[in-house]
Each structure stands twice: as C-alpha cells, then as structure tokens.
Amino acid sequence: LGYQYVTNAAELRGLSSGNAVGFFKYSASPAPASNGITTASDVNMDVAYDKLGFPRPASEPQPNFQGFTDQPMLELMTDKAIQLLSNSFGQAPFILMVEASSIDKQAHPNHMSGVIWDTIEFDRAVGVARRFAARRSDT
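Residues numbered from 1 in each chain as written. Predicted model: local features only at pLDDT ≥ 70, side-chain atom pairs only at ≥ 80, totals over all residues. Heavy atoms only, no water.

### Structural notes on the overall build of the protein chain
Condition: Helix and strand assignments come from DSSP, with helices taken as H or I runs of at least 4 residues and strands as E runs of at least 2, each series counted from the N terminus. Partly exposed residues are those whose accessible area sits between 20% and 50% of the maximum for their type, while under 20% is buried and over 50% is exposed, using a 1.4 Å probe and protein chains only. We call two residues in contact whenever any of their non-hydrogen atoms come within 4.5 Å of each other. Working definition of accessibility: Shrake-Rupley area with a 1.4 Å probe, residue cover restricted to the visible protein chains.
Secondary structure summary: the protein chain contains five helices and four strands in total. For the protein chain, the N- to C-terminal ordering of α and β elements is β-α-β-β-β-α-α-α-α. For the protein chain, buried positions account for 31% of its 139 residues. Relative to all contacts within the protein chain whose residues are 6 or more apart in sequence, the contacts with residues 24 or more apart total 53%. With the model as given, the accessible surface of the protein chain reaches about 8800 Å², and the carbon-plus-sulfur share is 56%.

Structure (structure tokens):
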C-alpha cells in the first residue's frame, strides 16, 4: 500500500516523506491469552530510562530488550509524525494525537523513576508539538 516500514530509531530518523508505519518492539513467540486471543507477554516499547540506558532502582525488575535496543523516544516519534504529516498535507491543517502510556504503565507497580522519566519524555514530545504549533496558526 506504499507504506514505509521502520523498526528502530535510526530507520525512523531516515524517513523524509510518504506514509510510514513503525513497530519498534514485538514478541517473536506470542502466547495465547486466557480468552484465546493471541497476545504477547509484553510487546510495549521499553520505558524512557531504559531506552536512555540509565540503571533501574534495585527494587525494580531489569529490562529485557529482546534485541530491540534502538527504540525511538516519544519526542522523535512526534517530530517525525509532524514532519511526515506536514509534507503530506502541506499547509492544510491536520490532527495528531500523541500518547504517553508508559507513565501509567510505570505508575501501577509504583516504579516512580519510570513515572518521572516517562513524564519528562512526554513533556519533551509536547514541546516538539508546541514549537510546531507556534509556527502554524491553524494548529
């Protein structure tokens, strides 16, 4: 269908135009869930401080990157989405929704370092969007 498929931050940075889809972490051996729908134990991207290579507190489980060591930060994904949408739509307005779901993912087990770093990651993504919006009165 003409989409460019990317699997890591380096490939994402290399996109300059066109439609794209990115999958930055997946499970090679999905396990069936109790409802019979195939799922994986955790196919979510790793949290910000793991992607940055910071050590986790001793009270938290260590990350398992499963070979996915070049996962993009949310601000890169936001910036690239804005760039690609701007290239596609020109000066026409568009809507982009950016979610920082890892903040909640880290809050449930009380992994406060993860909550803090993922909030910083989201704040940086919001900054990217605000800088774009400041240049576009229709956004």
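### Remarks on the side chain of Ser-102
Secondary-structure assignment places Ser-102 in helix H4 (residues 102–107). Excluding anything up to four places from it in sequence, Ser-102 contacts Val-47 and Asp-118.

### A closer look at the confidence of the model for the protein chain
Under the convention used in this document: Every residue carries a pLDDT, the predictor's confidence in it, which falls somewhere between 0 and 100.
Here the protein chain averages 88 in pLDDT, while 88% of its residues score no lower than 70. Confidence, read as mean pLDDT per element, is least for strand E4 (residues 38–39) in the protein chain (52) and greatest for helix H1 (residues 9–14) (97).

### As for the packing of aromatic side chains
Our working rule: Here a pair means two rings of Phe, Tyr or Trp (six-membered ring of Trp) with centres within 6.5 Å. Their orientation is stacked below 30 degrees between planes, edge-to-face above 60, and tilted elsewhere.
Inspection of every chain in the model, using the stated rule, returns four aromatic pairs. Centre to centre, the rings of Phe-54 and Trp-117 are 4.9 Å apart; their planes meet at 65°, and the pair counts as edge-to-face. Here Phe-54, found in the loop between helix H2 (48–51) and helix H3 (74–89), pairs with Trp-117, found in helix H5 (residues 112–135); they are 63 residues apart in sequence, far enough to count as distant. The class of Phe-54 is partly exposed, set by a relative accessible area of 35%. Taking the relative accessible area as the measure of exposure, Trp-117 reaches 30% and is therefore partly exposed. Taking the centre distance of 5.7 Å and the plane angle of 35° together, the rings of Phe-94 and Phe-132 count as tilted. Of this pair, Phe-94 sits in the loop between H3 and H4 while Phe-132 sits in helix H5, and the two are 38 residues apart along the sequence. Judged on exposure class, the residue Phe-94 and its partner Phe-132 are both buried. Here the aromatic residues Phe-89, Phe-94 and Phe-132 are joined through ring pairs into a cluster of three or more.

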